[in-house]
Amino acid sequence: MQIFNALGNLRVFFILKEDIILKENKLFTLKHLVLMGMFGALGAVLMLFEFPIPFIAPPFYGLDLSEIPVLVGTFSMGPLAGLVIELVKILVKLVLKPTTTGFVGEFANFCIGCSLVLPAGFLYKRNKTKKGALIGMIIGTVSMAVIGAVLNALVMIPFYSNFMPLESIIAAGAAINPVVSNVWTFAFACVAPFNLVKGALVSLITTLVYKRISIIIHG
């Protein structure tokens, strides 16, 4: 009996392994590699164009729309593709515009971007409907706001305090929102709302353009 159980478990293992290999092969086709490169490059270009939201966060926080092509690619080809596109985006951006933060800013952008597109991608993969996409984008946006705030409190703000006094950073946040009094209140009163707005804007534009782009990709 134990032998049959072992053989059964082995059979399940090989079936799962074969399924994973087939999915990986489907993802890394020439067409998908080209698409991931194109979406990543487009995201890198969009990273270069930022605009502030001065009524939410200090002007040294710039909003860009680079997650739109990443999210479109994620919905079209899956969360693993989204991870690859996010990485390509950062690498191409470094070619177009070298780092000015010792790669700290690029690392944070990668992590915060993944915190949006990966939850959205996994949820949409389980339920490929408009409702599934909407729920995925809402959860992804909330995830980006929380993870972005934590990363800013632990990594970004301490790093930027080497160039701008921490007191000045906190004061800039307090001028917008009086509740700001330290790094953590700055992160959750300024950075989190900033990323909520960014996630909502990215999600809205993705919703408007995804269907047309998806038809071209899968056509």
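What this report covers is the structure whose coordinates are included nearby.

Rules used in this analysis
- Residues numbered from 1 in each chain as written.
- Predicted model: local features only at pLDDT ≥ 70, side-chain atom pairs only at ≥ 80, totals over all residues.
- Heavy atoms only, no water.
- Salt bridge = Lys/Arg side-chain N within 4 Å of Asp/Glu carboxyl O.
- Helix = DSSP H or I, 4+ residues; strand = E, 2+ residues; numbered from the N terminus.
- Buried < 20%, exposed > 50% of the residue type's maximum accessible area, 1.4 Å probe, protein only.
- Phe/Tyr/Trp six-rings, centres within 6.5 Å; stacked < 30°, edge-to-face > 60°.
- Axes fitted to C-alpha atoms, helices over the stretch in contact; angles between N-to-C directions.
- Left-handed = near helix turned anticlockwise from the far one by under 90°.
- Nonpolar A, V, L, I, M, F, W, Y, C, P; charged D, E, K, R; others polar.

### Let's talk about the pattern of salt bridges
Counting across every chain of the model gives four salt bridges. Across the pair Lys89 and Glu86 runs a salt bridge whose closest N-O atoms are separated by 2.6 Å. With Lys89 and Glu86 both in helix α4 (residues 79–96) and three residues apart, the pair spans about one turn of that helix. Exposure remark for Glu86: the relative accessible area of 0% places this residue in the buried category.

### What about the packing of aromatic side chains?
Counted under the stated rule, the structure contains nine aromatic pairs. Measuring from ring centre to ring centre gives 6.0 Å for Tyr61 and Phe186, while their planes differ by 40 degrees; the resulting arrangement is tilted. Highlighted residues: Tyr61 in the loop between β1 (51–52) and β2 (62–63) and Phe186 in helix α8 (residues 183–218), separated in sequence by 125 residues. Each member of the pair, Tyr61 together with Phe186, is buried. Pairwise contacts between aromatic rings join Phe60, Tyr61, Phe186 and Phe194 into one cluster.

### Points about helix α3 (residues 67–77)
The buried fraction of α3 amounts to eleven of the eleven residues, a majority that puts the element mostly inside the structure. Buried within α3 are the following residues: Glu67, Ile68, Pro69, Val70, Leu71, Val72, Gly73, Thr74, Phe75, Ser76 and Met77. Within two residues after α3, Gly78 carries a phi angle of roughly 105 degrees, on the positive side.

### Description of the packing of helix α6 (residues 130–160) against α8
As a packed pair, α6 and α8 sit with axes 8 Å apart at the nearest point and diverge in direction by 145 degrees. Along this stretch, α6 crosses α8, giving a crossing that reads as right-handed. Here the residues of the contact of α6 with α8 are counted per class, giving 18 nonpolar, eight polar and one charged.

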